[in-house]
Amino acid sequence: MATEAIQPNIAPASRVRPVNRTRERIFFSGMAILLCVIVVIGFSRTYFLAGIVRAPLPAPILHVHGAVFTLWMALYVTQTALISARRVAWHRSLGTIAFCLPPVMIILGIVAALNALHRGVQIGPLDPATSLAIPLVGIVFFTAVIWAAWATRRQPDSHKRLILFATAGLVEAAFGRFPWAQLGLPPAAGAVTGLGLVLLLPIAYDLISLHRIHRSTLWGVPLTFAGGALAVPIGMTPAWHSFAGFLARNVAVYF
């Protein structure tokens with residue numbers, strides 16, 4: 001009787017596309033620079049070109065808010081530059097210090113939002129209560145993404161993407177100060193449009209470099225975009241207006 005040849009059980013070769021680290025460094029460094037440029041353009045008239053510390057901001061707390069968020073952007077560019085220069089040890093040491101900022105940024109963001117509510121600030125045609133939802137909802141989503149970035153600090157591919165998404169969520173405020181009215185868009189809609197365009201870039205990068213979307217991009221981009229896109233619909237609900245009214249009467253008066 002003929003015997004059959006025994007075929008070894010060979011696992012299929014991995015189809016994971018190798019990452020071009022040079023291209024990766026260029027992309028993430030370029031994104032850091034792009035986000036900084038957006039911030040400078042958005043806040044140039046009211047902050048950067050107005051003298052920064054001498055800028056006529058309506059409340060002293062906004063000077064602290066602006067300084068801390070500007071420091072975050074500077075650290076973000078520095079950190080990507082250190083990775084590009086292959087100074088990983090320096091990057092990790094500075095990162096430990098940099099991650100002290102997000103809790104401060106979250107607190108300052110809430111305080112600045114309550115101060116704006118107290119002053120009756122309106123974003124475009126939105127009333128103060130709806131306008132309040134834009135920063136507060138954004139802070140909730142920023143907190144989730146930046147926490148995930150901290151949790152994945154030993155997983156570079158996830159960490160760098162989540163830091164990018166969290167920072168992109170922050171620059172939505174700068175986008176809101178772009179001249180969207182010339183395109184027929186209110187500031188809030190223009191800001192969400194700008195955020196969406198920025199978030200398309202890491203998706204395109206993943207598809208080109210990996211031939212797939214990275215798992216962190218799969219959930220990080222939708223979550224970051226939701227933080228901007230859902231703010232106004234949430235702010236228009238009766239429940240939110242009741243919440244904003246409670247804050248205006250009992251909390252915002254102290255800011």
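Residues numbered from 1 in each chain as written. Predicted model: local features only at pLDDT ≥ 70, side-chain atom pairs only at ≥ 80, totals over all residues. Heavy atoms only, no water.

Q: Residues and numbers for the packing of helix α5 (residues 128–151) against helix α11 (residues 238–250), please.
A: Viewed as axis vectors pointing N to C, α5 and α11 meet at an angle of 90 degrees, and their least axial separation amounts to 9 Å. When the axis of α5 is compared with that of α11, the two are roughly perpendicular. Contact residues: α5 offers Ala129, Thr130, Leu132, Ala133 and Leu136, while α11 offers Trp240, His241, Ala244 and Leu247. (Axes fitted to C-alpha atoms, helices over the stretch in contact; angles between N-to-C directions. Helix = DSSP H or I, 4+ residues; strand = E, 2+ residues; numbered from the N terminus. Parallel < 35°, antiparallel > 145°, perpendicular 65-115°, else oblique. Contact = heavy atoms within 4.5 Å.)

Q: Explain the packing of helix α8 (residues 187–209) against helix α9 (residues 215–229) residue by residue, including any values.
A: Relative orientation of the contacting elements α8 and α9 amounts to 175 degrees, with a least axis distance of 10 Å. Between α8 and α9, the interaxial angle falls into the category roughly antiparallel. Of α9, the residues touching α8 (which contributes Val192, Leu195, Gly196, Leu199, Pro202, Ile203 and Asp206) are Thr217, Val221, Thr224, Phe225, Gly228 and Ala229. In the contact of α8 with α9, the residues fall into 8 nonpolar, 4 polar and 1 charged. (Nonpolar A, V, L, I, M, F, W, Y, C, P; charged D, E, K, R; others polar.)

Q: Give me the lowdown on the pattern of salt bridges, citing residues and values where you can.
A: Scanning the model with the defined rule gives 4 salt bridges in all. Between Arg21 and Glu24 there is a salt bridge, with its nearest N and O atoms 2.7 Å apart. Remark: Glu24 and Arg21 occur in helix α1 (residues 21–48); sequence separation between them is 3 residues, near one turn of the helix. Its relative accessible area of 37% is what places Arg21 among the partly exposed residues. Taking relative accessible area as the criterion, Glu24 reaches 4% and is therefore assigned buried. Between Arg161 and Asp206 there is a salt bridge, and its shortest N-O distance comes to 2.8 Å. With Arg161 in helix α6 (residues 156–170) and Asp206 in helix α8, this pair connects stretches of sequence that are 45 residues apart. One exposure class covers both Arg161 and Asp206, and it is buried. One network of salt bridges, in which partners are shared, links Arg21, Glu24, Asp157 and Lys160. (Salt bridge = Lys/Arg side-chain N within 4 Å of Asp/Glu carboxyl O. Buried < 20%, exposed > 50% of the residue type's maximum accessible area, 1.4 Å probe, protein only.)

Q: Pulling in residues and values, what's your account of unusual backbone geometry?
A: The phi angle at Ile52 is positive, at roughly 55 degrees, despite the residue not being glycine. Tracing the sequence through the fold places Ile52 in the loop between α1 and α2 (60–84). Accessibility expressed as a relative area gives 35% for Ile52, which makes it partly exposed. The phi dihedral of Arg86 falls on the positive side, at around 60 degrees, and the residue is not glycine. Relative to the assigned elements, Arg86 resides in the loop between α2 and α3 (88–98).

Q: I'd like to hear about α6, residue by residue, with values.
A: Given a rise of 1.5 Å per residue, 15 residues ought to cover 21 Å, and the 21 Å separating the end C-alpha atoms of α6 matches this to within 8%. Among the residues of α6, those classed as buried are Ser158, His159, Arg161, Leu162, Ile163, Leu164, Phe165, Ala166, Thr167 and Ala168. Buried-residue contacts for α6 involve α1, α2, α5, α7 (172–175), α8 and α9. (Expected span 1.5 Å × (residues − 1).)

Q: So what's going on with the nonpolar core? Residues and values would help.
A: In this structure, Leu35, Leu132, Ile146 and Leu164 are the most contacted members of the largest nonpolar core, which totals 61 residues. Top contributing element to this core by residue count: α5, with 13 residues. Not counting chain neighbours up to four residues away, the residues in contact with Leu35 comprise Met73, Tyr76, Leu164, Thr167, Ala168, Val171 and Val198. (Core = buried A, V, L, I, M, F, W, Y, C linked by side-chain atoms within 4.5 Å.)

Q: Tell me about a nonpolar patch on the surface, and please be specific about residues and values.
A: A contiguous nonpolar patch, built from Ile33, Val37 and Ile41 and spanning about 260 Å² of accessible area, is present on the exposed surface. As for its position among the elements, Val37 is in helix α1. (Patch = residues over 30% accessible without salt bridge, like charges linked within 9 Å, V, L, I, M, F, W, Y side chains within 5 Å. Areas by Shrake-Rupley, 256 points an atom, 1.4 Å probe, with all protein chains shown as cover.)

Q: Outline the packing of aromatic side chains, supporting the account with residue identities and numerical values.
A: In the structure shown here, the tally under the stated rule is 9 aromatic pairs. An aromatic cluster is defined as three or more aromatic residues linked by ring pairs; in this entry it consists of Phe27, Phe28 and Tyr205. The positively charged end of Arg87 is found above the aromatic ring belonging to Trp90, 5.1 Å away from the centroid. We note Lys160 situated over the ring of Phe28; from NZ or CZ to the ring centre the distance is 5.5 Å. (Phe/Tyr/Trp six-rings, centres within 6.5 Å; stacked < 30°, edge-to-face > 60°. Lys NZ or Arg CZ within 6 Å of the ring centre and 35° of its normal.)

Q: An account of the environment of Tyr47 is needed here, citing residue identities and associated values.
A: For Tyr47, the position within the fold is in helix α1. Sequence separation between Tyr47 and Gly66 is 19 residues, and the spatial gap between their C-alpha atoms is 8.1 Å.

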